[in-house]
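The residues making up each chain are set out below.
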Protein chains: 2
Amino acid sequence: MARLAGVSRATVSYVLNNTSAVRISEPTRRRVREAAKELGYVPHAAARSLRAGHSRMVLMPAPTVPVGPLYGRFINELQWALGRLDYTVVQYGTVGVHGDEAVRAWAELRPVAILAPGSGLDARGVAVLRRSGARAVVTLGPEAVEGAHALLMDHETVGHCAGRHLYDRGRRRIGVVVPREPGLGVFSGPRLEGVRRAVRGTGATVTELPLAYEEAAAARLAARWRELGLDAVFAYNDEYAMLLMRALQDEGIAVPGETALIGADDLMLGRLLRPRLSTVRIELPSGRDLAELVDRAVRDPAAPPERRTVLGAAVVHRESS
Amino acid sequence: MARLAGVSRATVSYVLNNTSAVRISEPTRRRVREAAKELGYVPHAAARSLRAGHSRMVLMPAPTVPVGPLYGRFINELQWALGRLDYTVVQYGTVGVHGDEAVRAWAELRPVAILAPGSGLDARGVAVLRRSGARAVVTLGPEAVEGAHALLMDHETVGHCAGRHLYDRGRRRIGVVVPREPGLGVFSGPRLEGVRRAVRGTGATVTELPLAYEEAAAARLAARWRELGLDAVFAYNDEYAMLLMRALQDEGIAVPGETALIGADDLMLGRLLRPRLSTVRIELPSGRDLAELVDRAVRDPAAPPERRTVLGAAVVHRESS
DNA sequence: TTGAAAGCGATACCAA
DNA sequence: TTGGTATCGCTTTCAA
């Protein structure tokens with residue numbers, strides 16, 4: 001590269017980085033630029049960050065559980081916002097790698113910041129990451145981790161909203177669907193707990209309803225519905241709600257007449273059901289806000305960990321409850 | 001690190017990489033391992049790959065358009081399979097960055113392979129990537145790109161299946177939903193074309209139906225349904241099909257009596273509708289196969305580009321058609 | 001069995 | 001205005 005332009009590697013570096021401390025003549029700049037174009041030269045990020053001692057990479061371990069369209073939009077927005085702040089967002093696939101091993105794999109890349117969704121990170125993990133040069137570690141999940149900033153997304157709130165709503169509508173025997181699918185426990189556990197809290201001390205009952213995401217399983221559950229004696233159910237989310245609604249209706253159980261039904265996530269499909277599905281709308285943090293938090297944390301790595309509750313939940317009342 | 005264990009950096013490298021060419025005494029190994037643990041030492045991937053001259057990173061530009069749950073599962077499987085072959089999969093968020101700029105950003109990371117979904121890559125881009133050291137470039141999309149391996153996922157097949165099915169069921173005036181959402185054109189265009197091909201020369205007509213993913217838009221379309229005089233519709237996918245089905249039914253149009261309806265993707269929600277939704281099941285390539293293709297390409301970078309059609313489509317006939 | 005040293009590519013300082 | 005050179009952290013060859 002340097003040879004082709006007939007200049008030194010240093011000069012190449014100056015030109016391509018527009019280094020203002022050094023003045024390079026216009027003809028030289030042109031020669032360098034042309035040579036770069038001709039060779040298809042692209043600088044080597046690893047070499048650069050090795051020399052610089054830091055990178056602009058924000059690493060996000062990709063969640064292993066299938067997660068809805070809301071999350072996808074959130075990620076996209078976040079990437080865009082971080083991109084505007086000149087960070088490079090990289091999603092790291094961590095399927096089949098756990099705990100310490102995963103943390104080490106992340107640390108090897110020496111990202112300037114880590115945004116870890118879910119709960120795969122403990123205080124030791126945070127320490128390893130910080131020692132390896134990460135200037136910010138942010139967790140997105142139900143609980144804060146020592147030493148890391150936390151965006152608290154506690155799905156307990158979601159359950160609480162749903163439970164409260166059903167209780168307010170006069171329901172007293174409330175079922176809560178708990179998906180059997182592995183990996184969803186981090187969400188379903190807190191949601192169930194939220195419903196419990198909503199009716200605590202009222203005499204209303206809460207019944208856990210394990211359910212696999214299959215028609216046959218829903219049919220079996222519906223078949224013993226009357227003996228369960230429930231007058232309402234929080235179906236975990238809109239998709240499970242749709243599954244259960246069809247099964248209940250096939251069984252001749254009126255929704256909401258005999259059993260009220262509420263989902264969560266406010267997906268389009270809920271609006272299209274008959275009856276239209278009541279749901280808990282979940283508000284994820286704005287990508288821009290989160291990007292700013294990351295940027296602040298990177299600029300001031302010594303600042304005390306911030307913990308912010310960012311998961312909003314609100315009932316959207318339609319026809320099914 | 002080396003100091004703490006009282007050995008040289010070389011020895012540390014030997015121990016942590018289990019270098020078999022060199023014998024290190026057991027006590028030394030222990031000392032090194034303990035020091036590493038105590039310090040939370042993690043090797044520096046950039047330095048390593050700089051020295052080695054290559055990495056094991058497989059880079060996947062993340063698709064910018066919201067894409068369904070099928071794709072998510074495919075990615076997960078692929079990551080797992082590539083992980084088993086000792087590659088590191090990294091999804092690179094490319095929102096708001098285009099063409100050359102994006103290619104350069106990818107090339108900076110010097111990945112050993114690139115898996116590019118969609119159509120953001122041209123022959124020049126491939127050349128830049130290869131010159132920058134990528135041993136394999138694989139595109140996942142509707143058409144092959146010069147110099148790159150191609151997994152041809154031509155959605156024309158999907159439309160063809162749907163069109164053929166509707167024609168075989170005796171329908172002659174076929175509507176095709178084309179989402180207004182930007183970014184979906186890469187899929188909807190070929191699907192529409194596939195329907196056209198299916199009925200070419202038969203006298204059956206194909207009508208393009210632009211539709212936004214909103215209830216109001218669907219209602220407007222349904223309101224003028226009778227004047228369109230269609231007896232069948234391919235609704236792009238199951239979600240649009242659900243949207244349209246509700247709107248048609250609200251308008252008093254019988255499905256499938258007056259208008260047959262078919263979706264695509266074979267989502268659970270289609271099975272739960274009344275009538276149950278006919279659909280085109282799409283079969284993505286298996287992650288394991290793709291991982292093996294990548295591995296082969298990396299091992300033999302000079303091999304001629306392989307192009308393989310990997311998108312299977314089959315009608316699942318239910319009640320709506 | 002271990003250590004010293006070269007070198008990967010880019011940057012930044014200092015000298016020319 | 002430019003070029004030489006040390007440096008980042010790691011691997012690997014060669015020598016001790």
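Note: the structure precedes this text.
So, here's what we can say about the structure. Note that this is a predicted model, so its numbers are computed, not measured. (Residues numbered from 1 in each chain as written. Chains lettered and ligands numbered in written order. Predicted model: local features only at pLDDT ≥ 70, side-chain atom pairs only at ≥ 80, totals over all residues. Heavy atoms only, no water.)

**Observations concerning the overall build of chain A**
Counting its regular elements, chain A contains 14 helices and 12 strands. For chain A, the C-alpha radius of gyration of 26 Å lies well beyond 20 Å, the compact-globule estimate for 321 residues. The principal-axis extent of the C-alpha atoms belonging to chain A is close to 85 × 40 × 30 Å. Buried positions account for 52% of the 321 residues belonging to chain A. Considering only contacts within chain A whose residues lie at least 6 apart along the sequence, 71% involve residues at least 24 apart. (Helix = DSSP H or I, 4+ residues; strand = E, 2+ residues; numbered from the N terminus. Rg over C-alpha atoms; globule rule 2.2 N^0.38 Å. Buried < 20%, exposed > 50% of the residue type's maximum accessible area, 1.4 Å probe, protein only. Contact = heavy atoms within 4.5 Å.)

**Some details on the nonpolar core**
Core analysis: the biggest nonpolar cluster contains 160 residues, and Leu115 and Trp225 of chain A together with Leu115 and Trp225 of chain B have the highest contact counts within it. Counting 43 residues, the second largest nonpolar core, distinct from the first, contains Leu59 and Ile114 of chain A together with Trp106 and Ala148 of chain B. (Core = buried A, V, L, I, M, F, W, Y, C linked by side-chain atoms within 4.5 Å.)

**Let's talk about the packing of helix 6 (residues 99-108) of chain A against helix 7 (residues 123-131) of chain A**
All names here are of chain A. Across the interface, helix 6 lies against helix 7 with an axial gap of 9 Å and an inter-helix angle of 20 degrees. In terms of orientation, helix 6 lies roughly parallel with respect to helix 7. When you trace helix 6 past helix 7, the crossing you get is right-handed. Each of Asp100, Val103, Trp106 and Ala107 in helix 6 lies in contact with helix 7, whose residues at this interface are Arg124, Gly125, Val128 and Leu129. By residue class, the composition of the contact of helix 6 with helix 7 is 5 nonpolar, 1 polar and 2 charged. (Axes fitted to C-alpha atoms, helices over the stretch in contact; angles between N-to-C directions. Parallel < 35°, antiparallel > 145°, perpendicular 65-115°, else oblique. Left-handed = near helix turned anticlockwise from the far one by under 90°. Nonpolar A, V, L, I, M, F, W, Y, C, P; charged D, E, K, R; others polar.)

**Let's talk about the interface of chain B and chain A**
Contact with chain B, which involves 47 residues of that partner, is made by 46 residues of chain A. Note on chain B versus chain A: buried area summed over both sides is about 4,500 Å², and carbon and sulfur give 56% of it. By the criterion of area lost to chain A, the three top residues of chain B are Val42, Arg246 and Leu272 of chain B, representing 15% of everything that side buries. Here chain B and chain A share 5 salt bridges between them. Residue Arg274 of chain A pairs with Asp250 of chain B through a salt bridge whose shortest N-O separation is 3.0 Å. Counting every contact that joins chain B to chain A gives 22 residue pairs in polar contact (both at pLDDT 80 or more). Of all the secondary structure elements, the ones that give two or more residues to the side of chain B that touches chain A are helix 3 (26-39), helix 4 (45-52), helix 5 (69-84), strand 2 (88-93), helix 6 (99-108), helix 7 (123-131), helix 12 (238-250) and helix 13 (268-272) of chain B. (Buried area = accessible area lost by both parts, 1.4 Å probe. Salt bridge = Lys/Arg side-chain N within 4 Å of Asp/Glu carboxyl O. Polar contact = N/O pair within 3.5 Å; in protein donor to acceptor, adjacent residues only side chain to side chain.)

**Some remarks on the sheet that holds strand 8 (residues 232-234) of chain A**
Residues and elements named next belong to chain A. Across the sheet, 6 strands lie side by side as 7-6-8-9-10-12; this open sheet has mixed pairing. In this open sheet, the two edge strands, each paired with only one partner strand, are strand 7 (205-211) and strand 12 (312-316). On average, adjacent strands in this sheet sit at an angle of 20 degrees to one another, irrespective of strand direction. With 3 bridges connecting them, strand 6 (residues 173-179) and strand 8 associate as parallel partners. Its bridge partner being in strand 8, Gly175 is matched across the sheet by Val233. (Pairing = 2+ DSSP bridges.)

**Topic: the sheet that holds strand 2 of chain B**
On the basis of which strands lie adjacent, the open sheet formed by 12 strands has the order 11(A)-5(A)-4(A)-3(A)-1(A)-2(A)-2(B)-1(B)-3(B)-4(B)-5(B)-11(B) and mixed pairing. In this open sheet, the two edge strands, each paired with only one partner strand, are strand 11 (307-309) of chain A together with strand 11 (307-309) of chain B. Strand after strand, the sheet turns through a mean of 20 degrees between neighbouring axes, direction not considered. Pairing between strand 1 (residues 57-62) of chain B and strand 2 of chain B: 6 bridges, direction parallel. In the strand pairing of strand 2 of chain B, Val58 of chain B is matched with Val89 of chain B.

**Brief notes about the protein's contact with DNA strand C**
For DNA strand C, the set of nearby residues contains 25 residues, the closest of which are Tyr14 and Arg51 of chain A together with Arg23, Thr28 and Arg51 of chain B. Within the backbone of Ser25 of chain B, one N or O atom sits 3.0 Å away from a phosphate oxygen of DNA strand C. One of the side-chain N or O atoms of Thr28 of chain B is found 2.6 Å from a phosphate oxygen in DNA strand C. Only helix 2 (9-17) and helix 4 (45-52) of chain A together with helix 2 (9-17) and helix 4 of chain B provide two or more residues apiece to the surface near DNA strand C. (Near = heavy atom within 4 Å.)

**Observations concerning the pairing of strand 5 (residues 149-152) of chain A**
Residues and elements named next belong to chain A. Here strand 5 shows two buried faces, one formed by His149 and Leu151 and the other by Ala150 and Leu152. Across 4 bridges, strand 4 (residues 136-141) lies against strand 5 in parallel orientation. Along strand 5, the bridge assignment pairs Gly141 with Leu152. In terms of strand pairing, strand 5 meets strand 11 through 3 bridges, oriented parallel. Residue pairing for strand 11: Leu152 is matched across the bridge by Thr309.

**With respect to the pattern of salt bridges**
It is possible for side chains of opposite charge to pair when their charged atoms get near one another. For the structure on display, the rule yields 33 salt bridges over all chains. Residues Arg48 of chain B and Glu108 of chain A are paired through a salt bridge, measuring 3.9 Å at the closest nitrogen-oxygen approach. With Arg48 of chain B in helix 4 and Glu108 of chain A in helix 6, this residue pair bridges two chains. For Glu108 of chain A, a relative accessible area of 23% translates into the label partly exposed. Between Arg271 of chain B and Asp266 of chain B there is a salt bridge whose closest N-O contact spans 3.9 Å. Residue Asp266 of chain B is classed as buried on the basis of its relative accessible area of 17%. Counted as one network, the salt bridges with shared partners bring together Asp266, Arg271, Arg281, Glu283 and Arg318 of chain A.

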